[in-house]
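# Summary of structural features
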Amino acid sequence: MLSLPESGLSKSVKQHNVDLNVLCDWVEASAVFDDDHLSKSDVAKALLQQEVYEKQDFAMEIVDQAWSVVSSRIKYLASPLGIEVSKNRIARKVKWETFPAYGFCLTLSCVSLYPKWVKDHWGAASLRGELFEELAQESLSKALAGWTVRRVGWSPGNPVKLREAIASIISDIKEVAGSELDLHVDKHANELGLDLLAYYSYGDAHASIPVLLVQCASGENWQSKRHTPDLGLWNKIVSFNSNPVRGFAMPFAYADAREFRKDTMSVNGVFVDRNRLLGAFHRTSSEVSDALNKKLVAWVTQVIATVPKDDQ
């Protein structure tokens, strides 16, 4: 299995001091990238060997919790993961390359497992950010049937300054420029928190249509981005005839439903975590495009080869 996470697993004697998000992601990543099968006893043994726990029975309590979470995640995503979760065992039937988007999101989730490794081996932030934007665009296109979803944020693969994109945005959603566009959008502005624009057109020439302004966050600073894009600011840039809704997409997943509800309140809009992002393909019986799959495989193959393992 992969090496025990560098953070999130504190000494637990009389109470559990383990971040369940970290433990679940570690179990998933170990099963996907390093083990054809993984048992509860394997996980408990690793926690005991690294002295996170002193007693096996107590360690098994947190392992049971993690197993329940991972089982529900796998059940939600189902095909084409090729992973089976039984009472005491996780078995992987296919390689992660069968569904690269899943492997890609798990690799990004390693930011909370191995922060030191991330700094040395993740490579350029712009590349992984661009790949995640492409994945989010395809996912939202599947989930929002009939909607148009396009990338707006600047990237090496989409080197369009925001000033140049504003006219196209306004034209797409049949709106007019805001009174303070010139004040807030100068020639140097790249995105102002807006990565994806999603809207539903009725095919006429009128405004007042559903609009989503989406932020895509794939790095360790994702929590600080939940308030973006700033809708108050965007209402100065575009004179919306109907209020847009903020959207937020990330490759990470929550282990606790209460924590999900609490943290997502700050988005005050549509929140797309790893399960929702990947689940869109399963629910619509569709696949990630071949072109994006190839790019995801290339990036993950290079990065995951250096991830810490327990035999290193």
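Anything mentioned here points back to the structure above.
Heads up: these notes are all about the structure in this document. As the structure is a prediction and not an experimental result, all values here were calculated from the model. Residue indices follow the written sequence of each chain, beginning from 1 at its first position. In view of the model being predicted, local features appear only for residues whose pLDDT reaches at least 70, and side-chain atom pairs are presented and counted only at 80 or more, with totals across whole chains, interfaces and linings using the full set of residues. The side-chain values count all of the structure's non-hydrogen atoms but skip hydrogen atoms and water molecules.

It is worth spelling out the pairing of strand S3 (residues 89–92) at this point. Only strands joined by at least two bridges in the DSSP assignment are considered to pair. Where helices and strands are cited, they refer to DSSP runs of H or I of at least four residues and of E of at least two residues respectively, numbered from the N terminus. Pairing geometry for strand S1 (residues 37–39) and S3, over three bridges, is antiparallel. The partner of leucine 38 across the bridge, within S3, is isoleucine 90. Alignment of strand S2 (residues 83–85) against S3, held across three bridges, turns out to be antiparallel. Each residue of the ladder has a partner; that of valine 85, found in S3, is isoleucine 90. Hairpin connection, S2 to S3: the antiparallel pair is bridged by three residues.

Under the scheme applied here, a residue whose accessible area is under 20% of the maximum for its type counts as buried, over 50% as exposed, and between as partly exposed, the area being computed with a 1.4 Å probe on protein chains only. Residues of helix H7 (residues 162–172) that are buried: Leu162, Ala165, Ile166, Ile169 and Ile170. What you see down the axis of H7 is that its buried residues fit within an arc of 140°, all on one side. Summarising the geometry of H7, the exposed residues directed more than 90 degrees from the buried face are Glu164 and Ala167. Two residues qualify as a contact provided that any one of their heavy atoms is within 4.5 Å of a heavy atom in the partner residue. On its buried face, H7 sits against strand S4 (148–151), strand S5 (176–177), helix H8 (181–184), strand S6 (196–199), helix H9 (231–237) and strand S8 (238–239). Phi for lysine 174, located one or two positions after H7, is positive at around 60°. To be clear, the arc concerns the directions from the helix axis to the C-beta atoms.

The rolling of a water-molecule-sized probe over the atoms marks out the regions of remaining empty space. Throughout, the protein atoms alone are placed on a 1 Å grid, and a set of points is a cavity if a 1.4 Å probe fits but cannot get out or a pocket if it is open with protein on both sides within 12 Å along at least five of seven lines; lining residues have an atom within 4 Å of a point. Grid points are joined across faces, edges and corners, and a volume is the space filled by probe spheres set on the points. Within the structure shown, the criterion is met by two cavities of 30 Å³ or more. Within this model, the largest cavity holds a volume of roughly 60 Å³. Lining the largest cavity, in full, are Val32, Pro80, Leu81, Ile83, Arg92, Val94, Lys95, Trp96, Phe99, Tyr102 and Gly103. Its residues assigned to classes, the lining of the largest cavity shows eight nonpolar, one polar and two charged. What lines the second largest cavity is simply Leu140, Leu212, Val214, Gly247, Phe248, Ala249, Val270 and Val272. When residues of the lining of the second largest cavity are traced back to their parent elements, those giving at least two are strand S7 (211–216), strand S9 (245–249) and strand S10 (270–272). The leading source of residues in the lining of the second largest cavity is S9, at three residues. Note that Gly is not counted as nonpolar here; it falls among the polar residues with everything else outside the nonpolar set of Ala, Val, Leu, Ile, Met, Phe, Trp, Tyr, Cys and Pro and the charged set of Asp, Glu, Lys and Arg.

Turning our eyes to something else, we now look at the sheet that holds S3. A sheet is described by the order of its strands in space; here three strands give the open sequence S1-S3-S2, paired in antiparallel fashion. With partners counted over all chains shown, the strands left at the sheet margins are S1 and S2, one partner each. If you compare each strand with its neighbour and ignore which way they point, the axes differ by 10° on average. Between N-to-C directions, angles span 0 to 180 degrees; the directions come from axes that are lines fitted to C-alpha atoms, helices contributing only their stretch in contact. Running over the sheet, helix H3 (residues 56–77) touches S1, S2 and S3 and is turned about 140° from S2.

Turning to the nonpolar core, a few remarks are in order. Nonpolar cores were defined as sets of buried Ala, Val, Leu, Ile, Met, Phe, Trp, Tyr and Cys residues, with membership established by side-chain atoms within 4.5 Å. Counting residues in each nonpolar core, the largest one holds 84 residues, and the members touching the most others are Leu23, Trp26, Val43, Leu47, Tyr102, Phe104 and Leu135. For leucine 135, the residues in contact, after removing those within four places along its chain, are Ala101, Phe104, Cys105, Leu277, Phe281, Val288 and Leu292. Of all hydrophobic cores here, the second largest spans 20 residues; its members include Val152, Val185, Leu197 and Ile237.

Right, let's get into helix H12 (residues 290–304). Here a helix's expected span is defined as the number of its residues, less one, multiplied by 1.5 Å. When the terminal C-alpha atoms of H12 are compared, their 21 Å separation across 15 residues agrees well with the 21 Å that a helix rising 1.5 Å per residue should span. Among the residues of H12, Leu292, Asn293, Leu296, Trp299, Val300, Val303 and Ile304 are the ones counted as buried. For H12, the angular spread of the buried residues around the axis is 135°, confining them to a single face. Exposed side of H12, more than 90 degrees from the buried face: Asp290, Ala291, Lys294 and Gln302 are the residues found there.

Turning our attention to unusual backbone geometry. Between threonine 228 and the following residue, proline 229, the backbone shows a cis peptide bond with an omega angle of -5°. Of note, the phi angle at serine 208 is positive, near 60°, even though the residue is not glycine. Note that serine 208 resides in the loop between S6 and S7. If you check the backbone angles, serine 285 has positive phi at about 50° while not being a glycine.

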